Every structure is written in C-alpha cells, then in structure tokens.
Amino acid sequence: MKYVVLIYSSPQPWGHPTGDYVPEHQALPPAERKRLNSAFEDLLGELQSNGELVGGEALGDPVKSRLYRWTSGRPVITDGPYSESKEHLAGLFMIDVETPERADLVGRTFAGPGETVEVRPIHVFDNA
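Attention in this report is confined to the structure presented alongside it. As the structure is a prediction and not an experimental result, all values here were calculated from the model. (Residues numbered from 1 in each chain as written. Predicted model: local features only at pLDDT ≥ 70, side-chain atom pairs only at ≥ 80, totals over all residues. Heavy atoms only, no water.)

## What about the environment of Leu44?
To keep things clear, this is the line we draw: Each helix is a run of H or I in the DSSP string that is no shorter than four residues. Each strand is a run of E no shorter than two, and both are numbered from the N terminus. The buried label applies to any residue whose accessible area, calculated with a 1.4 Å probe on protein chains only, is under 20% of its type's maximum; exposed applies above 50%, and partly exposed to all values in between. Contacts: residue pairs with any heavy atoms within 4.5 Å of one another.
If you trace the backbone, Leu44 turns up in helix 2 (residues 30-49). Relative accessible area serves as the criterion here: at 13%, Leu44 is assigned to the buried category. Excluding residues within four positions of it along the chain, Leu44 makes contact with Leu53, Phe93 and Phe110.

Below, the structure is given as structure tokens:
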C-alpha cells in the first residue's frame, strides 16, 4: 500500500528540518527535542533499510511558489502560496507499507510540535 506523507509547517525563517525553525519545537527541553529527532531519524533509517521509503523531498520557501490556474479560458499565473493559511506544505515522503496501521505509525512518528502531518493513500489507476 503506497502512501504519501505530507508535512505542513510554518517555520520562520523557512528551513529544514522544519522542526528546528518552529517555536513549539524550539520551546521543548533539549532532551525532548533530541528524543523526537532521534525517533524520526530511527524510523527514517528503518524505512530506508527495509525498502518502505520510496522517495521524499523537502520543498522550498512557499513565498517563491507560483500558482497556475485556468480562468476565463486562459491560464493565469499568480504568486504562491496556494492558501492564506500560515501553515504550508514543507515536504513529502512516499512510502510503500504493508498495512494502514504501519502508515499510521509513520505519520505519528513524523509529526512534531508546531507541525501537521497528513498521511494519504496514493490512488492506483486501473489500466483496464
């Protein structure tokens, strides 16, 4: 079962790993930050070593994004980001796991203070 793990954050300044740049993470005691970072790195290493990690990318600063919409019969280009929210898509990982429960474990481990993580199944198109 393939899933995409979408990481939403609002670091100021924009940077990766996003947790290092959000006040909620920075406010944690150093030992707790270290524990959370270690749990993330351990799981990421496990996903890589057992072949569950398909790929992933950190995304650049959303203020540098451009939006392309079809309006009045032609494409219209505007500056991003897409939403008015203070929280933006910061990066993604694609995973291929055996069960929804495993995907849930990945999402819970990837989530951190000041961030939102969405785990969404990847739609498989039927070639018939």
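What follows picks up the thread again.
## Section: the sheet that holds strand 1 (residues 2-9)
One key point about sheets: their strands pair by backbone hydrogen bonds, in either a parallel or an antiparallel sense. We count it as follows: When DSSP finds at least two bridges between two strands, those strands are taken to pair. Inter-axis angles, ranging from 0 to 180 degrees, are taken between N-to-C directions of lines fitted to C-alpha atoms, where helices are fitted over the stretch in contact.
Here we have four strands laid out as an open sheet, ordered 2-5-1-6, and antiparallel in their pairing. Strand pairing shows two members of the sheet lacking a second neighbour, strand 2 (53-58) and strand 6 (116-121), which therefore form its edges. The mean inter-strand angle of the sheet, taken between neighbouring strand axes irrespective of direction, is 20°. For strand 1 and strand 6, the ladder comprises six bridges, and the chain directions are antiparallel. If you follow Val5 over to strand 6, its bridge partner there is Val119. Those strands touched by helix 3 (residues 100-110) are strand 1, strand 5 (88-96) and strand 6, and its axis lies near 20° from that of strand 1.

## Quick word on the nonpolar core
This is how it is decided: Take the buried Ala, Val, Leu, Ile, Met, Phe, Trp, Tyr and Cys residues and link them wherever side-chain atoms come within 4.5 Å; each set so joined is a nonpolar core.
Counting 13 residues, the largest nonpolar core has Val5, Leu47, Phe93, Ile95, Val106 and Phe110 as its most contacted members. Put simply, the parts of the chain that give this core at least two residues each are strand 1, helix 2, strand 5 and helix 3. Leave out the neighbours within four places in its chain, and Val106 touches Val5, Leu43, Leu47 and Ile95.

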